[in-house]
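A structural walkthrough
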Amino acid sequence: MTDHAAVALSPEAIEFADWMAGLAIPESELDATRTRVESVHLKAREPEGVTYREVDAGGVLGIWCEPVDSNTDYVLLHSHAGGSVVSSAFVDRKLAGHIAKAAGAPVLVLDFRRAPEHKYPAQLDDAEAAFNWLLSEGYAPGNIITIGHSIGGFIAVALALRLREKKQPLPGAIVSISPWCDLEIANETMETNAETDKILSKGILEFFRESWVGGTGIEFTDPRINLNRADLSGLPPTLVSWGTYEILAGEDEEFAARVKDAGIDTETVVVPGGQHSYVFGAGRVPEVDAAIAQIGAWVREKIKI
């Protein structure tokens, strides 16, 4: 007969049991969606010669992705996709390992807080906390590259803009992949690329937007959340990349042009036929690997890794 007497469990054991229970009967549709999105990492191949470890990065969970023989004087501070609502650092772990190998430097992937439980600016606050933690660990600000895709691509730029406004040292470079630049959700490629984008839709973006800034009183045109309304002057060298099949292609192209017009050292990597957040296919899709190689070479050249 099994003994079911009460056992004193650690908080971690209780959390683990609750998480496992959620796999069988999710508490809500959002919980079910989040669980499903966690499987996206399966589309990336595990990179060879990369080690991983979790770390508390100034109060934010981070995953170090460190290739063998990488230059640890440098680091790429990476923010994941998901519209602030879904996905996690764990989904991006493998693709970040591929980027780390291409750039020749470790990547720290942030597991920032998610909406709607944590509205804007929680995600940017977490990125800033991790950036400051890296400084406290001895990294020179110019040796930190902010990088991300989708809303993470926004964060990579918005963090630098926030630091600029505070007159604090900026990262050495920015890599913004498939960034969500325009919360007005009005660019023409929302319609013209609606059939080719297999990941995003206007409806999904509207849901993300409401989850992230709904009830905050922030207008969709506010330059704090809308990169295509922001003053982009003074940014470090910035690479912008997107796929031609995604609904964000138009606003990303506009953003890249605005960065260049602001006098910033700018590079673009446009992936023909690429989907939104194409980096999810790292290690499996030749076009993705080619784009990551270009991004890595640009980072090496700009930061002198």
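Check the entry above for the structure.
Residues numbered from 1 in each chain as written. Predicted model: local features only at pLDDT ≥ 70, side-chain atom pairs only at ≥ 80, totals over all residues. Heavy atoms only, no water.

For the rest of this paragraph, the subject is the overall build of the protein chain. Scanning the protein chain from terminus to terminus reveals nine helices and eight strands. Along the three orthogonal principal directions, the C-alpha set of the protein chain runs to about 75 × 45 × 40 Å. Here the protein chain holds 305 residues, and 51% of them are scored as buried. At a minimum sequence separation of 6, the contacts of the protein chain that also span at least 24 residues come to 78%. In the structure as shown, the protein chain presents an accessible area of about 13600 Å², 53% of it carried by carbon and sulfur atoms. (Helix = DSSP H or I, 4+ residues; strand = E, 2+ residues; numbered from the N terminus. Buried < 20%, exposed > 50% of the residue type's maximum accessible area, 1.4 Å probe, protein only. Contact = heavy atoms within 4.5 Å. Areas by Shrake-Rupley, 256 points an atom, 1.4 Å probe, with all protein chains shown as cover.)

Now for the environment of Gly62. As for its position among the elements, Gly62 is in strand β2 (residues 61-67). Sequence separation between Gly62 and Ser79 is 17 residues, and the spatial gap between their C-alpha atoms is 9.9 Å. The residues contacting Gly62, other than those within four sequence positions of it, are Arg53, Glu54, Val55, Leu108 and Val109.

Among the nonpolar cores identified, the biggest contains 59 residues, and Leu77, Leu108, Leu134, Trp180 and Trp212 are the most heavily contacted of them. Secondary-structure elements contributing two or more residues to this core are α2 (29-37), β3 (75-79), β4 (107-110), α4 (122-136), α5 (151-165), α7 (202-213), β7 (238-243) and α8 (249-261). Element by element, the count of residues in this core is highest for α5, at ten residues. Contact partners of Trp212, with chain neighbours within four places excluded, come to Ser84, Ala115, Lys119, Tyr120, Gln123, Ile151, Phe154, Trp180, Leu183 and Ile225. Among the nonpolar cores identified, the runner-up in size contains 36 residues, and Leu95, Ala103, Ala282 and Val288 belong to it. (Core = buried A, V, L, I, M, F, W, Y, C linked by side-chain atoms within 4.5 Å.)

This is a description of form; function is not addressed.
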